[in-house]
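# A structural walkthrough
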Amino acid sequence: MLDNADLGKLIIRLTLGGLLLFHGVSKLLNGVGFIEGQLASHNLPTILAYGVYIGEILAPLMIILGYQTRIGALIIVFNMIVAIALVHSHQLLSLSSNGGWSLELQGFFLFTALAVIFLGPGRYKLKN
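### A few points about the pattern of salt bridges
What the rule picks out here adds up to two salt bridges. Here arginine 123 and aspartate 6 are joined by a salt bridge, their closest N and O atoms 3.7 Å apart. Residue arginine 123 is located in the segment after helix 5 (104-119), and its partner aspartate 6 is located in helix 1 (residues 5-30); the two are separated by 117 residues in the primary sequence. You can call arginine 123 exposed: its relative accessible area is 60%.

Okay, here's the thing in structure tokens:
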């Protein structure tokens, strides 16, 4: 009963996709102005900010549904690397006020998506 790798993969997919989707919905409701500002401060085209919808809405839905899961996970890995580089690079080696790594959330999304790339979707998925 407890030896069910496919159920474990589903739980990981639902957790990663579900938690990241909240960030995407927030950006859908509130806009991407902050990201545009970050891109502009790095002399990058602000139109790239709209890519966050791919990384935080489309890719999480792919992961949740188990449709092209590895591609969705790869998109999330790229999205998190960009987020860390643009906004959080100064926190790479710092701890939060409660003693945890300052980038725990970003690290969770990045490394869990990386694990999903290697694990695949498991049995509980949409047929591709």
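Picking up where we left off.
### Focus on the side chain of threonine 112
Mapping threonine 112 onto the fold places it in helix 5. Within the local environment of threonine 112, its side chain forms a polar contact with the backbone oxygen of phenylalanine 108, the two atoms lying 2.7 Å apart.

### Comments concerning the nonpolar core
Judged by nonpolar contacts, the single largest core of 15 residues is most densely connected at Leu16, Ile63, Ala73, Ile76 and Ala113. The set of elements that each furnish at least two residues to this core consists of helix 1, helix 3 (52-65), helix 4 (69-88) and helix 5. Excluding residues that lie within four positions of it along the chain, alanine 73 makes contacts with Ile63, Ala113, Val116 and Ile117. If you look at the next biggest cluster of nonpolar residues, it comprises six residues, including Val32, Ile35, Leu39 and Ala49.

### Points about helix 2 (residues 33-41)
Of all the residues in helix 2, the buried ones are Ile35, Gln38 and Leu39. Viewed end-on, helix 2 has its buried residues packed into an arc of 100 degrees, placing them on one side of the element. For helix 2, the exposed residues set more than 90 degrees away from the buried face come down to Phe34 and Ser41. In this structure, the buried residues of helix 2 make contact with helix 1, helix 3 and helix 4.

Rules used in this analysis
- Along each chain, residues carry numbers from 1 onward, in the same order as the chain's sequence is written.
- Local features are withheld for residues below a pLDDT of 70 in this predicted model, meaning they are given only at 70 or higher, and side-chain atom pairs are given and counted only at 80 or more; totals for whole chains, interfaces and linings count all residues.
- Note: side-chain values were computed over all heavy atoms of the structure, leaving out hydrogens and water.
- Within this document, salt bridges are pairs made up of a side-chain nitrogen of Lys or Arg and a carboxyl oxygen of Asp or Glu, the two lying within 4 Å of each other.
- Secondary structure follows DSSP: runs of H or I at least 4 residues long count as helices, runs of E at least 2 residues long count as strands, and numbering of each begins at the N terminus.
- Think of it in three bands: residues with accessible area under 20% of the maximum for their type are buried, residues over 50% are exposed, and the middle band is partly exposed, with areas taken using a 1.4 Å probe on protein chains only.
- The term polar contact refers here to a pair of N or O atoms within 3.5 Å; inside protein, the definition further demands a hydrogen-donor-capable atom paired with an acceptor-capable atom, and it admits residues adjacent in sequence only when both atoms are side-chain atoms.
- Working definition of a nonpolar core: buried Ala, Val, Leu, Ile, Met, Phe, Trp, Tyr and Cys residues. They are joined through side-chain atoms within 4.5 Å.
- In this analysis, two residues are considered to be in contact whenever any of their non-hydrogen atoms come within 4.5 Å of each other.
- To obtain the arc, one takes the directions from the helix axis to the C-beta atoms.

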